[in-house]
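# Descriptive analysis of the structure
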Amino acid sequence: MIQSPTRVKICGLTSPEAIKGAAQAGATYGGLVFYEKSPRHLSLAKAREVALAAPPGFAKVALVVNPQDAFLEEMLSQVPIDILKLHGAEQPQRVKQIKQSTGLPIMKALGIATAQDLHEIDRYAEICDQLLIDAKPAPGAKLPGGNGLAFDWQILENHTWKIPWMLAGGLTPDNVAQAVRVTQARQIDVSSGVESAPGLKDMDKMRNFVHGWLDVGWRRNGSAPPPRQESDHAKP
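What counts, and at which threshold
- Residues numbered from 1 in each chain as written.
- Predicted model: local features only at pLDDT ≥ 70, side-chain atom pairs only at ≥ 80, totals over all residues.
- Heavy atoms only, no water.
- Helix = DSSP H or I, 4+ residues; strand = E, 2+ residues; numbered from the N terminus.
- Contact = heavy atoms within 4.5 Å.
- Phe/Tyr/Trp six-rings, centres within 6.5 Å; stacked < 30°, edge-to-face > 60°.
- Buried < 20%, exposed > 50% of the residue type's maximum accessible area, 1.4 Å probe, protein only.
- Salt bridge = Lys/Arg side-chain N within 4 Å of Asp/Glu carboxyl O.
- Arc of directions from axis to C-beta.
- pLDDT = per-residue confidence, 0-100.
- Right-handed = clockwise from strand over helix to strand, strands pointing away.
- Pairing = 2+ DSSP bridges.
- Polar contact = N/O pair within 3.5 Å; in protein donor to acceptor, adjacent residues only side chain to side chain.

## Focus: the environment of A22
By the secondary structure assignment, A22 is in helix α1 (residues 16-25). Along the chain, A22 and D202 lie 180 residues apart, while their C-alpha atoms are 9.5 Å from each other. If we skip the residues at most four places from it in the chain, A22 touches I10, L13, A27, F58 and M206.

Shown next, in the form of structure tokens:
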């Protein structure tokens, strides 16, 4: 696994091959989706199979949307999860409750369209362990994320938070380097941008995405990026 000054999360992993491929590509986190409307949704049995295939040290993130306590308890009893990513309309008090009841680090996903949205994000920065800054879904969208939508990255210029944060929204191997240069993000998240079809991760796209992001991160730290290696793995 590539060791780097930056971190990448690949969300929506749906098979043991995909989670292994994400780790081999150089990602630090892998996301498992528990949302029935998503093409990346996993049953608990399948999620357990995928999570157990992750190599040691690879952080497994559960994406949940407005979860009930009973579901969280059942999921965590069956699936080894390291971080909970709340991707619904969870209010700060609910976030606190989930953090206390599960004992897990909380990453809160928040949508952004204009600079006015930064004030809402600041509220959550006081109670979460990490933030994920995503594009606001279009009106009527069925999914809270993973829609391939980007936002104006310049909104985040010269803005940061005291806790780690992650950039998401419409990122691909072709635009990730520019997104990082504009926002100075040190963590980044991708899902549909590295797929050959909804829910089907492409090994070459994952590798190209990570390298595009790592190149910026290494140079920002005054180091040369590691040489690229051609993939000899079949696409999951």
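From this point on, the discussion continues.
## A closer look at the packing of aromatic side chains
In this structure the tally under the stated criterion is two aromatic pairs. Ring centres of W161 and W165 lie 5.5 Å apart, and the angle between their planes is 70°; this geometry places the pair in the edge-to-face category. Taken as a pair, W161 and W165 share a single burial class, namely buried.

## Let's talk about the environment of A51
Among the structural elements, A51 can be located in helix α2 (residues 44-52). Along the chain, A51 and T14 lie 37 residues apart, while their C-alpha atoms are 9.6 Å from each other. The residues touching A51, leaving out its near neighbours within four places in the chain, are I19, L32, K60, V79 and P80.

## Some words on the pattern of salt bridges
The tally for this structure, following the rule as stated, stands at ten salt bridges. Two residues, E120 and R123, come together in a salt bridge whose shortest N-O distance is 2.8 Å. Taken together, the residues span about one helical turn, with E120 and R123 both in helix α5 (residues 117-124) at a distance of three residues. Overall, the relative accessible area of 32% leaves E120 in the partly exposed class. Judged by its relative accessible area of 39%, R123 falls in the partly exposed class.

## Considerations on helix α4 (residues 92-102)
Those residues of α4 that sit buried are P92, R94, V95 and I98. For α4, the angular spread of buried residues about the axis comes to 160°, placing them on one side. Along α4, exposed side chains directed more than 90 degrees from the buried face belong to Q100 and S101. Summarising the contacts, the buried residues of α4 are in contact with α3 (69-78), β4 (83-86), β5 (106-112) and α5. Positive backbone phi, approximately 75°, marks G103, located one or two places after α4.

## A word on unusual backbone geometry
Although it is not a glycine, N158 sits at a positive phi angle of roughly 65°. By the element assignment, N158 lies in the loop between β6 (130-135) and β7 (165-167). N158 gets classed as exposed once you look at its relative accessible area, which sits at 87%. In the Ramachandran plot, Q184 falls in the positive-phi region, its phi being about 60° despite a non-glycine side chain. Residue classification places Q184 among the partly exposed residues on the basis of a relative accessible area of 44%.

## Regarding the confidence of the model for the chain
Scored by pLDDT, the chain has a mean of 87; 83% of the residues are at 70 or more. Across residues 225-236, where pLDDT falls below 50, the model places 28 contacts with residues more than four positions away in sequence or in other chains.

## Some points on the pairing of strand β3 (residues 59-64)
With six of its six residues buried, β3 lies for the most part within the structure. Where burial is concerned, the two faces of β3 agree: the one with A59, V61 and L63 and the one with K60, A62 and V64 are both buried. Read from strand β2 (residues 29-34) through α2 to β3, the crossover connection turns out right-handed. Two strands pair when backbone bridges link them, and β3 and β4 are joined in this way by four bridges, in the parallel orientation. Residue pairing in the sheet places A62 in a bridge with L84 of β4. Following the chain from β3 across α3 to the adjacent parallel β4, one finds a crossover that is right-handed.

## Comments concerning the side chain of T183
Residue position: T183 is located in helix α6 (residues 176-183). Taking relative accessible area as the criterion, T183 reaches 4% and is therefore assigned buried. At 2.8 Å, the side chain of T183 and the backbone oxygen of A179 are in polar contact. Polar side-chain contacts of T183 include one of 3.2 Å to the backbone nitrogen of A185. The contacts of T183, once residues within four sequence positions are left out, are W153, L156, W165 and L167.

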